[in-house]
Amino acid sequence: MLTSVLFYVFAFILVFSAISVVTAKNPVHAVLFLVLAFVTSSCLWLMLNVEFLALILIVVYVGAVMVLFLFVVMMLDIDVETMRKGFWKNLPLAIMLGIIVLVEMLVVLINKPMVINNIPDLANSSISNANQLGWVLYTQYSYPVELASLILLLGLVAAVALTLRKSEKNAKYQNISKQVAAKASERFEMLNMPSEREIIEEDPQEGDKK
Amino acid sequence: METLQQFLGNGLGYFVWKLIMAVAVVIPLTIFVAYVTFAERKILGYMHARLGANRVGPKGLLQPFADLLKFVFKELVMPTKASSGIFNFAPVVLLICAILVWAVMPFSPEMIFTHVNAGVLYVLAVSSLGVYGIVLAGWAGNSKYSFLGGVRATAQMISYELAMGFAIVGVLMVSGTLDLTEIVKGQSHGMLGGSILSWNWIPLFPLFLVYLISGIAETNRAPFDVCEGESEIVAGFFVEYSGTRFALFMLAEYLNMVLISALASLMFLGGWLSPFPASWGMVGSSGFAWLFVKVCLLLFGFIWYRATFPRYRYDQIMRLGWKVFIPVTLVWIFVLGAWMVSPLNIWN
């Protein structure tokens, strides 16, 4: 009873936020709605007792990917008016693409092989699902995992290569190894200053005379 | 809990019981945080060879409440072109995330709000949400200073989250569980039977150091506080905030400090375990008091570093995070893996 109420609440929030991502006028608000969508879908996963996947979704997507998204969107100076200019012109194309995606998803969802029949009873299993996932990923699917990690590594190297600034001849940048190699002794010198000589006390009577 | 359930029925009784527990966690925590701010002012004072706050109440002990009252009575200023909804929302997000994390924090084997078997992941997930409060605060104020502060904070927190995550991976490897209670229990046997020598901090020493330093960077404390670097960008992401909204930022910052200290003591310093062997009677018995002592020691460290180290330059912070900490943790994870499959394995 309670679970189905919770499910509908989460599902409603998820659908609402997903629609708002598209309809929000301010791009920052759109990103925030996307974050809400991720968090609610993670809540739905939690209701299926897959706490590992649910929490990893938050750590990876909400905690890292969406922050970078938000970062980029904030930096861009987006003028909403110019973005809306071609709305009516592009609408037919957009509707067509939307219908194609919808049909594809329906085909996948209705298709019998995609329906999972024997869902394991996760709530009552003695092994945590982080453990179970680990077993499957690193034994049965170890080659695909290795392959996926290689592809990710490739993406990483490519991203680093894009930021290499050696190609720009006139670019000015700090030579970090030179900076790190700098020693304190090159930057300042400790001088030994002899302290001031003691002030010779004047004769107080002499002062009085003045 | 049983009596409550008798009076209010099964579901409602459980709910009310959890509510009471939540209040019992949050209120002492808030008071503790208030006194951490007081301790910071006092300790910094003594380190600067001055007295520190000593006017309100005996020895200045009521100072945090005076601070709070002052925050409450200040005017709430809202910049003209600020995005008002998000402007109000940002500090609340930060504080909610800082408090939510405590739901899975075990204070002793019995004192725990909820027992989650992926506790460490929950902590990582919820604390990674806190960065939204900072980014949005930086953006919503419609000020260049606060925006720069927000950008700096985001880049820094994401970078150090990685190093921190890798440090935690080492702990998870040796304890073989994501449950914080089990992680502490795993440290209760080994050299000298659960004393200081059998805790994780010795075999995982590099990870412990990385975790502590990344923890300081995560909470944006000195010497990593460039995101509020007052000499460059006034006060960073909370320039535009005043009154109670500002108080929420401070509260969240100190809560996060306490959180990092508590996590470090649970994962590396044996949590509620006593540093002495169990055969020593009173001082050898474990309990909440030991966790409290460890958290206070680590918090003292936080304040001490603030008084000691000058602020890092931003590129140095990034270098430290990406080029020093992440390689160190990765290498140590490999070493740990080799250690665990070798006959010298000490975590059986």
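All figures in this text were calculated on a predicted structure; none of them were measured in a lab.

Observations concerning the overall build of chain B
A tally of regular secondary structure across chain B gives 12 helices and zero strands. If you list the helices and strands of chain B from N to C, you get α-α-α-α-α-α-α-α-α-α-α-α. The C-alpha atoms of chain B give a radius of gyration of 21 Å, which matches the 20 Å a tight globule of 348 residues would have. For chain B, the spread of C-alpha atoms along the three principal axes comes to 65 × 60 × 45 Å. Split into buried and exposed, the 348 residues of chain B put 44% on the buried side.

Observations concerning the overall build of chain A
Helices and strands together make up the secondary structure of chain A, namely 10 helices and zero strands. Listed N to C, the secondary structure of chain A is α-α-α-α-α-α-α-α-α-α in terms of helices and strands. Of all intrachain contacts in chain A linking residues separated by at least 6 positions in sequence, the fraction that spans at least 24 positions is 52%.

Considerations on the interface of chain A and chain B
Listed per partner, the contact involves 15 residues of chain A and 15 residues of chain B. Sort the elements by how many residues they give to the side of chain A that touches chain B and helix α3 (residues 51–75) of chain A lands first, with 12 residues.

Observations regarding helix α11 (residues 288–308) of chain B
Since the α-helix advances by 3.6 residues per turn, residues separated by three or four positions end up pointing in the same direction. Residue and element names in this part refer to chain B. In this model, α11 (21 residues) spans 30 Å end to end at C-alpha, consistent with the 30 Å of a helix rising 1.5 Å per residue. Restricting attention to buried positions, one finds in α11 the residues Trp290, Leu291, Lys294, Val295, Leu298, Leu299, Phe302 and Ile303. Taken together, the buried residues of α11 touch α2 (10–47), α8 (205–218) and α10 (243–267).

Observations concerning the nonpolar core
Grouped together as the largest cluster of nonpolar side chains are 114 residues, with contacts concentrated most on Leu55 of chain A together with Leu94, Leu121, Tyr211, Val258, Ala264 and Phe268 of chain B. The element contributing the most residues to this core is helix α5 (residues 119–140) of chain B, with 16 residues.

As for the environment of Ile168 of chain B
Residue and element names in this part refer to chain B. As for its position among the elements, Ile168 is in helix α6 (residues 144–175). Since 21 C-beta atoms lie within 10 Å of it, Ile168 is described here as buried. Considering only alpha carbons, one finds Ile168 and Ser84, 84 residues apart in sequence, at a separation of 38 Å. What Ile168 contacts, discounting residues up to four positions off in sequence, is Val120 and Met267.

Section: unusual backbone geometry
Residue and element names in this part refer to chain B. Even without being glycine, Ala49 reaches a positive phi, approximately 60°. Checked against the element boundaries, Ala49 lands in the loop between α2 and α3 (63–73). The exposure class assigned to Ala49 is exposed, which follows from the 6 C-beta atoms found within 10 Å. Positioned with a positive phi, Asn220 is a non-glycine residue whose angle comes to about 55°. You can see Asn220 is positioned in the loop between α8 and α9 (230–233). Note on Asn220: 23 C-beta atoms within 10 Å, which makes it buried.

With respect to the packing of α5 of chain B against α6 of chain B
All names here are of chain B. The contact between α5 and α6 brings their axes to 8 Å, and the two run at 170°. Judged by the inter-axis angle, α5 sits roughly antiparallel to α6. Taking contact as the criterion, the partners of Val120, Leu124, Ser128, Val131, Ile134, Val135, Ala137, Gly138 and Trp139 in α5 are, on α6, Ser146, Phe147, Gly149, Gly150, Val151, Ala153, Thr154, Met157, Glu161, Gly165, Ile168 and Leu172. When the residues that make up the contact of α5 with α6 are grouped by side-chain class, the tally is 13 nonpolar, seven polar and one charged.

Digging into the environment of Val77 of chain B
All names here are of chain B. Within the secondary structure layout, Val77 lies in the loop between α3 and α4 (84–100). Of the residues examined, Val77 has 12 C-beta atoms within 10 Å and is grouped as exposed. Separated by 168 residues in sequence, Val77 and Arg245 have C-alpha atoms that sit 9.6 Å apart.

Digging into the packing of α3 of chain A against α6 of chain B
Between α3 of chain A and α6 of chain B, the shortest axis-to-axis distance is 11 Å and the interhelical angle comes to 155°. When the interaxial angle is binned, α3 of chain A and α6 of chain B end up roughly antiparallel. Here the hand of the crossing between α3 of chain A and α6 of chain B comes out left-handed. Contacts between α3 of chain A and α6 of chain B involve Ala64, Val67 and Phe71 of chain A from the former and Val151, Thr154 and Ile158 of chain B from the latter. For the contact of α3 of chain A with α6 of chain B, the class distribution of residues is five nonpolar, one polar and no charged.

A short note on the confidence of the model for chain B
Residue and element names in this part refer to chain B. Mean pLDDT for chain B: 83, with 95% of residues reaching 70 or above. The least confident element of chain B, judged by mean pLDDT, is helix α1 (residues 2–8) at 68; the most confident is α8 at 89. Prediction confidence for the complex, expressed as pTM and ipTM, is 0.80 and 0.80 respectively.

Looking at the environment of Val39 of chain A
All names here are of chain A. With respect to the element layout, Val39 can be found in helix α2 (residues 27–47). Taking the C-beta count within 10 Å as the criterion, Val39 has 21 such neighbours and is therefore assigned buried. As for Val39 and Leu55, which are separated by 16 residues in sequence, their C-alpha atoms are 9.3 Å apart.

Here's the deal with the confidence of the model for chain A
A residue-level look at chain A finds 82% of positions with pLDDT of 70 or above and a mean pLDDT of 81. Per-element confidence in chain A is highest for helix α7 (residues 142–163) of chain A, whose mean pLDDT is 90, and lowest for helix α10 (residues 204–209) of chain A, whose mean pLDDT is 54.

Definitions and limits used
- Residues numbered from 1 in each chain as written.
- Chains lettered and ligands numbered in written order.
- Predicted model: local features only at pLDDT ≥ 70, side-chain atom pairs only at ≥ 80, totals over all residues.
- Helix = DSSP H or I, 4+ residues; strand = E, 2+ residues; numbered from the N terminus.
- Rg over C-alpha atoms; globule rule 2.2 N^0.38 Å.
- Buried ≥ 20, exposed ≤ 12 C-beta atoms within 10 Å, placed from the backbone.
- Contact = placed C-beta atoms within 7 Å.
- Expected span 1.5 Å × (residues − 1).
- Core = buried A, V, L, I, M, F, W, Y, C linked by C-beta atoms within 7 Å.
- Axes fitted to C-alpha atoms, helices over the stretch in contact; angles between N-to-C directions.
- Parallel < 35°, antiparallel > 145°, perpendicular 65-115°, else oblique.
- Nonpolar A, V, L, I, M, F, W, Y, C, P; charged D, E, K, R; others polar.
- Left-handed = near helix turned anticlockwise from the far one by under 90°.
- pLDDT = per-residue confidence, 0-100.

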